[in-house]
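# Chains, contacts and geometry: an overview
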Amino acid sequence: MAINSIKFYLLLGINLLMLGTLSLNAWISYHDALHELDEIYDAELARSAKLISLLLSSNPLPQTNTEPLVIAVPHITEMGEALSAQQERLLDGHKYEGKIAFQAQQGDKLIMLSENALQFPTPKREAGYHEITEHGTLWVTFSYFVPEHNLWVFTAQREDIREELGAHIAQAQVRPILFMMLPLSLLIYLVIKLVLRPLNQLQQQVANKTPEQLHEIQLALPSELQPIQGAINSLLQRIRRYLQQEKRFVADASHELRTPLSILQLHAQNLSSAKDPVEIAEAINAITEGSKRMSHLVDQLLSIARLDHLRQINCAIVALTPLLHQSLSQLPIKLLDKVNWQLELDNSCEVYGDSTLLQSVLRNVLDNAAKYSVTDGVVQVTTQQNAEITTIRISNGGAVEPDISRLGDRFYRHQQHQNSDGAGLGLSIVKHIVALHHGQLSFKRNSAGGLDVTLTLPAAAPGENHR
Amino acid sequence: MRILLVEDDELLAKGMITRLKRMGYQPELCTTGSQALLAAQGSSFELMILDLGLPDGFALDIIRQLRHGGVTMPILVLTAQSQLETKLTALNSGADDYLVKPIDVLELEARIRVLCRRQQQRTDDNLQLAGISLNLQNHHCQFQQQDVNLTLREFMLLKEFMLKPDRILSRQQLEELSYGWDGDNESNAIEVHIHNLRKKLSADVIKTVRGVGYMLVTQYGH
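Along each chain, residues carry numbers from 1 onward, in the same order as the chain's sequence is written. Key to labels: chains lettered from A, ligands numbered from 1, both in the order written. Only residues with pLDDT of 70 or above have their local features reported here, since the model is predicted, and side-chain atom pairs are shown and tallied only from 80 upward, although totals for entire chains, interfaces and linings are computed over all residues. Water and hydrogen atoms were dropped before computing side-chain values, which therefore reflect all heavy atoms in the structure.

Under an unreviewed UniProt entry, chain B has the name Transcriptional regulator and belongs to Arsukibacterium ikkense.

In the annotation of an unreviewed UniProt entry, the entry for chain A reads histidine kinase, and the organism field reads Arsukibacterium ikkense. UniProt positions are given in the numbering used here, feature names are shortened, and annotations may be inferred rather than shown by experiment. As its UniProt record puts it under Catalytic activity (unreviewed entry), chain A is described as follows: "ATP + protein L-histidine = ADP + protein N-phospho-L-histidine." Per UniProt, the comment on chain A under Subcellular location (unreviewed entry) is "Membrane".

This part is about the overall build of chain B. When you go through chain B residue by residue, the secondary structure sums to 8 helices and 12 strands. All radius of gyration figures rest on C-alpha atoms, and the globule criterion is 2.2 Å times the number of residues raised to 0.38. By the compact-globule yardstick of 17 Å for 222 residues, chain B fits well, its C-alpha radius of gyration being 18 Å. Along the longest, intermediate and shortest principal axes, the C-alpha atoms of chain B span 55 × 35 × 30 Å. Think of it in three bands: with a 1.4 Å probe and only protein chains considered, a residue is buried below 20% of the maximum accessible area for its type, exposed above 50%, and partly exposed in between. Classification of the 222 residues of chain B by burial places 54% in the buried group. Put simply, of all contacts in chain B between residues at least 6 apart along the chain, 57% involve residues at least 24 apart. Here the accessible surface of atoms and residues is derived via Shrake-Rupley with a 1.4 Å probe, and residues count as covered only by protein chains that are part of the display. Carbon and sulfur atoms make up 47% of the accessible area of chain B, which totals about 10300 Å². When charges are tallied, Lys and Arg are placed among the positive residues and Asp and Glu among the negative ones, while His and the ends of the chain are skipped. Where a charge sits is defined by one atom per residue type, namely NZ (Lys), CZ (Arg), CG (Asp) or CD (Glu). Charge separation in chain B, taken as the distance between the mean sites of 24 positive and 28 negative side-chain charges, equals 5 Å. A run of DSSP states H or I qualifies as a helix once it reaches four residues; a run of E qualifies as a strand once it reaches two. Both are numbered from the N-terminal end. Every residue pair with non-hydrogen atoms within 4.5 Å of one another is taken to be in contact.

Residue and element names in this part refer to chain A. For Phe, Tyr and Trp, rings pair up if their centres lie within 6.5 Å, where Trp contributes its six-membered ring, and each pair is then called stacked (planes under 30 degrees apart), edge-to-face (over 60) or tilted (otherwise). In this structure the tally under the stated criterion is 5 aromatic pairs over all chains. Between the aromatic rings of F8 and Y9, the centroid separation amounts to 5.7 Å while the plane-to-plane angle is 70 degrees, which identifies the pairing as edge-to-face. Residues W152 and F154 carry aromatic rings whose centres are separated by 5.8 Å and whose planes lie at 0 degrees to one another, so their mutual orientation is stacked. Of the two residues examined, W152 and F154, each falls in the buried class.

Let us now look at the interface of chain B and chain A. Between chain B and chain A, the contact holds 26 residues from the first and 26 residues from the second. As used here, buried area is the combined drop in accessible area, with a 1.4 Å probe, of two parts when they are placed together. With both chains or domains summed, chain B and chain A bury close to 2400 Å², and 50% of this area falls on carbon and sulfur atoms. On the chain B side of the contact with chain A, B:L11, B:R22 and B:P102 bury the most area, a combined 23% of that side's loss. Notably, a salt bridge pairs A:R293 with B:D9, separated by 2.5 Å at the nearest N-O pair. Throughout this description, a polar contact denotes any pair of N or O atoms lying within 3.5 Å of each other; where both atoms belong to protein, one of them has to be capable of donating a hydrogen while the other can accept it, and for residues adjacent in sequence the pair is counted only when both atoms sit in side chains. At the boundary of chain B with chain A, the tally comes to 16 residue pairs in polar contact (both at pLDDT 80 or more). The element best represented in the side of chain B that touches chain A is helix α1 (residues 10-22) of chain B, accounting for 9 residues. Amino acid classes used here: Ala, Val, Leu, Ile, Met, Phe, Trp, Tyr, Cys and Pro are nonpolar; Asp, Glu, Lys and Arg are charged; the rest, including Gly, are polar. Here the side of chain B that touches chain A is composed, by residue class, of 9 nonpolar, 6 polar and 11 charged. Salt bridges are identified by distance alone: a Lys or Arg side-chain nitrogen within 4 Å of an Asp or Glu carboxyl oxygen.

Let's shift gears to the UniProt feature "modified residue: 4-aspartylphosphate" (unreviewed entry) in chain B. Listed under "modified residue: 4-aspartylphosphate" (unreviewed entry) in the UniProt record, and renumbered for this structure, are B:D51. Within the secondary structure layout, B:D51 lies in strand β3 (residues 47-51). Overall, the relative accessible area of 0% leaves B:D51 in the buried class. Setting aside its immediate chain neighbours within four residues, B:D51 contacts A:H255, B:V6, B:E7, B:D8, B:A59, B:L78 and B:K101.

What follows deals with the UniProt feature "transmembrane region" (unreviewed entry) in chain A. Mapped onto this numbering, the UniProt entry gives "transmembrane region" (unreviewed entry) at residues 6-28 of chain A. Secondary structure across residues 6-28 of chain A divides into 100% helix and 0% strand, with the first and last C-alpha atoms of the span separated by 33 Å.

Let us now look at helix α3 (residues 59-68) of chain B. Residue and element names in this part refer to chain B. Those residues of α3 not exposed but buried are A59, L60, I62, I63 and L66. Looking straight down α3, one finds its buried side chains confined to an arc of 160 degrees; they lie on one side. Residues of α3 that are buried make contact with α2 (33-42), β3, β4 (75-79) and α4 (84-93). Following α3 by one or two positions, G70 has its phi on the positive side, about 85 degrees. By construction, the arc corresponds to the directions joining the helix axis to the C-beta atoms.

Residue and element names in this part refer to chain B. Per the counting criterion, the structure on display carries 19 salt bridges over all chains. Here R113 and D125 are joined by a salt bridge, their closest N and O atoms 3.4 Å apart. Separated by 12 residues along the polypeptide, R113 in helix α5 (residues 105-119) and D125 in the loop between α5 and β6 (126-129) bring together distant segments of the chain. Taken individually, R113 and D125 each receive the classification buried, so the pair is uniform in this respect. Notably, a salt bridge pairs D125 with R122, separated by 3.5 Å at the nearest N-O pair. Assessed through its relative accessible area of 8%, D125 is described here as buried. You can call R122 buried: its relative accessible area is 15%. When salt bridges that share partners are traced, they join R113, R117, R122 and D125 into one network.

Another aspect to go through is helix α7 (residues 171-179) of chain B. All names here are of chain B. Of all the positions in α7, only L174, E175, L177 and S178 are classed as buried. An end-on view of α7 places all buried positions within 160 degrees of arc, on one side of the element. Contacts made by the buried residues of α7 are with β1 (2-6), β2 (26-30), α6 (152-163), β10 (168-170), α8 (189-200) and β12 (213-216).

Attention shifts here to the nonpolar core. In this description, a nonpolar core means a group of buried Ala, Val, Leu, Ile, Met, Phe, Trp, Tyr and Cys residues linked to one another through side-chain atoms lying within 4.5 Å. Of all hydrophobic cores here, the largest spans 43 residues; its most connected members are A:L320, A:I392, A:I394 and A:L455. Going through the elements one at a time, α6 (277-309), α7 (320-329), α9 (355-371), β12 (378-386), β13 (389-396), α10 (426-436), β14 (440-445) and β15 (451-458) of chain A are the ones with two or more residues in this core. Here this core gets 8 residues from one element, more than from any other, and that element is α9(A). All the domain ranges listed were derived from an automatic or database domain assignment. Both of domain 2 (226-308) and domain 3 (313-458) of chain A provide at least three residues apiece to this core. Those residues in contact with A:L320 that lie beyond four places of it in its chain are A:C349, A:E350, A:V351, A:L362, A:T383, A:T390 and A:I392. Counting 25 residues, the second largest nonpolar core, distinct from the first, contains B:L150, B:M162, B:L177 and B:L201.

Put into structure tokens, the structure is as follows:
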């Protein structure tokens, strides 16, 4: 298991917390037990003293006794010596009994003492509990005075007895903790492993992804992981779309580049073995056409490459109407005659941009509008300026329905127009130039079955107030 | 035999048609996939040349549909893409071979011959029958060890007869073969070509089956 892992931290955290809680619990129990024991023993000391005083008051010892009466107590087991319950409960008493010692004094004379009270500390003639240290041992003593008989009774008990019992209780508390820790840790580990299994599954699924295998991950995951799965899936989808675009681009580009090359090679080879003058003329014509197509393609690719590296353009305020007229005049006569041009131009319109680049934008869009229009259809050009934006709208009555989402993709051409002389790069160039001008280009199908191309360009330099 | 050429680029198609005709094939051109599908299902061709970059979609689907419908004609795929993936997809869809553009004409010719050879279960490009020997590569013809000079149309007709010996070929079949769909059916050109073939070979080799058509007889004169 890696050190820096959720599993490791969970296991460590839960174990430490468990150990801490249980230890605290044991410590509190130990202290509670000690306190209770103190009280029980204190009470016992007092009770023993009163019992002895009662006995001595009702049955006084003969005054003739010069020596004090020594009461035998059972053998005192050593501290910490393990005894079975049977050994603790002896026939003639309890093993702890020996640890309660007593003395009785009448007047100044010691009249009675227990056997174990020989090491008894010098008792304090002051009623109540005292703690006395004697020969390094701490004793708890209780002094009791009966004034009618001038009798002092002292009971005492060694403090270590109490502690021994307290330790027993604490041990009893700690032992199950120690025994339970290991199996409990193991169980916790298993639970964590089980709970984290979906995470592992997800990780494996993600690790197995290759560019060829980018299907969505469909795991039945807990609710916390579902957003992650969703995010991964949407990322996969984007990658897939991107790869598809790349693939399509390569396919389209190779088609556009290799087809004219094929034409050149095929007709050149045909020409080398041709005898029929018609065949020869046909081949030469095809080679010329193919070269034209190739050079158009190369021109467009080069302008794309130039635009790709163009960071700054020479902008100026340009009047739009003359620009449009110039662009129109550059269209092939064939296209100009194909449709009816309806120009609704606001002659005061201006745009802020590079006139050469903008002219190529307009030429391209107008060329497309005529090319993809029905013959004798209407191509409408409207210009309009409000505030800082100039809008140019070009609509045609279309002969084809293009895939709007792909318009402007490099090498995209409408399937029914793949034979036209373009290579599908024109709109891509237009898009690029418009972006350089911080303008916008949008396409919409219109009711005439054609396309509305809307081109918005800044009317003034940024930051400059419009007149 | 005829070749079905499916190519959307006009100039490329023109060059291929010139070449195929010179090889002694009658190419029929389709510019879209749907046309090609109709053509391939409607009549029989010796071979199909299919450009993968067809405008109306998926050339691969056409291959699959044809194969699914039991069409066994060899399919030679032309593609602009040299990636392995494209080639594999095409071959796995049921294409027999592929050529990456730009195409070398000599390679195209050789591959067409290979595919036809395999389809007709031959090991070389020499047809030998009834004392006639016909080389499909250089169009060289011999009858009884004597060289015979054939025109392109005569070669196309003789090749068809030799590929289908002892079987009746209808006049319409032969006309389609040598003039294509757009051919001029009114003339009696076929009869003229047959007449010339009989003159160059032997009158007994091609038999007229009255009202039905013509047949190459392998056991003539017995």
